[in-house]
Amino acid sequence: MADTLTVHRAGLATVQDLGRFGHSRYGLPVNGALDQHSARVANVLAGNDEGAPLIEITALDFSCTPSTDVLIAVTGAPAELTVGGVRRDQWEPVSVPAGETIAVTGIRLGLRVYLAVLGSVETPSLLGSCAPDTILGFAQTLRGDDELALRTHCPPIDHPVFRIPLFRLNAPVAHFGDSWTIDVTDGPDLEEFGDTAERLFRSAFTVTPRSNHIGLRLSGDVPRRTTSGEPLSRGVPVGAVEVPAGDELLVLHRGRGVTAGYPVLAVVTATGLSALGQARPGQSIRFRRRTVADAVSAHRAQRHAIHALKSRVRTAFDALRIPATP
Amino acid sequence: MGGDIVIADCGDSAIVVKAVDGDTARAWHTVHALADAFEAARPGGVYGIVPTYDSLLIEFDCFHTDHTTVRRALRHEADRLGERSFPATRSRRFVVPVVYGGDHGPDLPLVAEQLGLTEHEVVALHSAAPLTVRCLGAPAAAPMMDGPAFPRPVPRLASPRISVVPGSIAVAGRQAVVSPMPSPGGWPLLGRTPLRVLDLDAEPLAPYRPGDTFQFVPIDPARWDEHAGTPLAAAHG
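What comes next concerns the included structure. Predicted, not measured: the structure shown is a model, and the values here were computed from it. (Residues numbered from 1 in each chain as written. Chains lettered and ligands numbered in written order. Predicted model: local features only at pLDDT ≥ 70, side-chain atom pairs only at ≥ 80, totals over all residues. Heavy atoms only, no water.)

**Section: the overall build of chain A**
What counts, and what does not: By the criteria applied, helices consist of DSSP H or I runs no shorter than four residues and strands consist of E runs no shorter than two, each listed in order from the N terminus. To sort residues, take the accessible area from a 1.4 Å probe on protein chains only and compare it with the maximum for the residue type: under 20% means buried, over 50% means exposed, and anything in between is partly exposed. Pairs of residues are marked as contacts when any of their non-hydrogen atoms sit within 4.5 Å. Charge assignment: positive for Lys and Arg, negative for Asp and Glu; neither His nor the chain ends contribute. Throughout, a charge is located at the NZ atom of Lys, the CZ atom of Arg, the CG atom of Asp or the CD atom of Glu.
For chain A, the helix and strand inventory stands at four helices and 20 strands. Principal axes of the C-alpha set define a box for chain A whose edges measure 70 × 35 × 30 Å. Within the span of chain A, comprising 326 residues, buried residues form 57% of the whole. Taking as baseline every contact in chain A between residues at least 6 positions apart, the subset at least 24 positions apart corresponds to 77%. A gap of 3 Å separates the mean positions of the 32 positive and 33 negative side-chain charges of chain A.

See below:
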């Protein structure tokens with residue numbers, strides 16, 4: 001029988017990856033991890049491909065137990081991570097002996113924690129991805145007593161006596177605070193908002209509870225469209241900042257429908273979208289205007305940091321004879 | 001033949017192309033022909049291509065490519081389209097049985113009232129002539145069609161429904177749609193087809209593509225079971 005990861009407390013957890021790419025022409029949203037940076041880093045720290053299936057834990061406590069020795073990495077929002085009751089570090093690989101319980105509790109400042117297991121888990125996929133799609137009704141949402149089949153195991157590697165953390169890999173840790181600064185570039189329909197467009201940058205906005213993977217709704221002093229007329233439905237990118245009606249901004253995230261009819265005031269940058277994927281209802285957001293060139297540079301710097309981490313992980317794992325992911 | 005286009009950045013990971021011909025049919029043809037040509041060129045780093053009416057969204061990973069490269073590739077394909085006329089993709093016809101009104105089309109009376117028509121006249125106009133699919137849109141592969149020849153645009157519902165059942169036949173503005181999957185929706189519902197619109201295991205995902213037509217055919221509610229669950233497929237001949 002295959003080795004498994006048995007879920008105890010499921011909270012709001014799902015098997016996730018980076019998204020279902022290449023189907024926008026069929027009207028399918030990309031979906032995937034809301035905080036792409038943390039998801040990528042978790043997988044790299046666990047010796048996996050950046051896009052391997054991993055567990056996305058949202059807001060609530062989560063625990064599970066592997067039936068064999070495994071190596072995991074936990075990233076994303078700050079939380080208490082324990083293995084067999086002993087505190088362990090996020091953003092580092094962690095060895096877990098068979099039968100010991102992994103618990104993630106007290107998620108704070110952000111909303112989502114990512115748990116990757118070396119070798120990843122078996123999971124159903126649709127059109128090449130395991131990412132949940134609420135419209136298609138596809139998701140591997142975890143429940144208590146669920147058993148995820150593990151693809152490989154990893155002999156215990158931490159110190160048998162002192163239990164000291166074995167790794168210091170200096171992963172690029174995401175910043176978490178009480179409020180967020182989110183970078184945006186100008187949207188294609190900026191002019192339609194006239195002088196009111198600058199309101200986007202003048203004061204802070206508050207994340208409302210009506211926010212999810214499709215989009216975040218923000219309250220505050222919203223810009224107003226100064227033109228009228230309904231544009232034809234057209235493709236809108238993830239990150240589009242729209243003003244549908246009323247007193248809220250709508251910022252589209254990875255579950256957004258690919259077409260929409262509202263003018264696009266600004267577009268959240270790739271790095272900004274990972275941060276926004278962590279914003280909790282009630283938290284405050286300030287937008288910061290960036291050029292496209294600066295936004296691309298920031299994204300590339302973040303991805304290069306992950307690539308550099310990947311080579312440090314490979315070196316450390318080779319030295320410890322940790323098997324490469326099959 | 002390709003028409004005039006304007007290319008603009010749309011954030012750090014997307015570019016939007018707008019056809020500026022002025023003529024809606026030509027603009028639609030331009031963005032779809034450009035989408036086909038660009039997709040066929042398999043540009044690296046690009047993961048999303050969304051042609052609609054007069055616009056084309058290109059999504060990419062700016063770690064693997066950049067705006068300059070994508071713009072250049074789009075210009076190249078657009079120039080090639082300008083030089084030669086592409087053979088038009090053969091338009092296929094889908095015949096879609098619909099039970100209008102009642103529980104399946106709860107907004108039929110409202111739409112009739114708004115248009116100043118009888119319910120029978122609304123159904124007759126909706127099923128009078130084949131409607132052309134212009135693009136696949138949200139949610140999930142919904143065929144967005146040019147609407148029937150109603151006397152004026154149909155207003156959206158004041159309060160969108162939390163969930164619309166698959167197969168629902170809806171109209172809004174000058175557009176018509178069939179909902180392939182359960183989803184929230186603010187478009188008034190005229191009826192429902194018993195056909196299975198989308199098969200998630202099919203390749204390609206949706207049997208229809210832009211340029212195809214849908215001919216709606218009113219059926220008696222008693223005939224629902226005859227068609228229930230039958231996959232939507234193009235008519236032969």
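Next comes the rest of the account.
**So, the packing of helix α3 (residues 108-115) of chain B against helix α4 (residues 119-126) of chain B**
Residues and elements named next belong to chain B. Keep this limit in mind: Every axis in this analysis is a line fitted to C-alpha atoms, fitted for helices over the stretch in contact. Angles between the N-to-C directions lie between 0 and 180 degrees. Working rule for angles: under 35 degrees goes down as roughly parallel, over 145 as roughly antiparallel, 65 to 115 as roughly perpendicular, anything else as oblique. Basically, the charged four are Asp, Glu, Lys and Arg, the nonpolar ten are Ala, Val, Leu, Ile, Met, Phe, Trp, Tyr, Cys and Pro, and anything else, Gly included, counts as polar.
For the pair α3 and α4, interaxial distance at closest approach is 8 Å and the crossing angle is 90°. Classified by the angle between their axes, α3 and α4 sit roughly perpendicular to one another. Across from Leu-108, Pro-109, Val-111, Ala-112 and Leu-115 in α3, the residues of α4 making contact are Glu-119, Val-122 and Val-123. Tallied by class, residues from the contact of α3 with α4 come to seven nonpolar, no polar and one charged.

**Looking at the sheet that holds strand β12 (residues 179-186) of chain A**
Residue and element names in this part refer to chain A. Condition: Here a strand pair is declared whenever DSSP counts at least two bridges between the two strands.
The seven strands lie next to each other as β12-β19-β16-β17-β14-β13-β20, forming a closed barrel whose pairing is mixed. Adjacent strand axes in the sheet meet at a mean angle of 40° when their direction is disregarded. Taken together, the three bridges between strand β16 (residues 240-242) and strand β19 (residues 264-268) define a ladder with antiparallel strand orientation. From the neighbouring strand, Ala-240 faces β19, where its bridge partner is Val-267.

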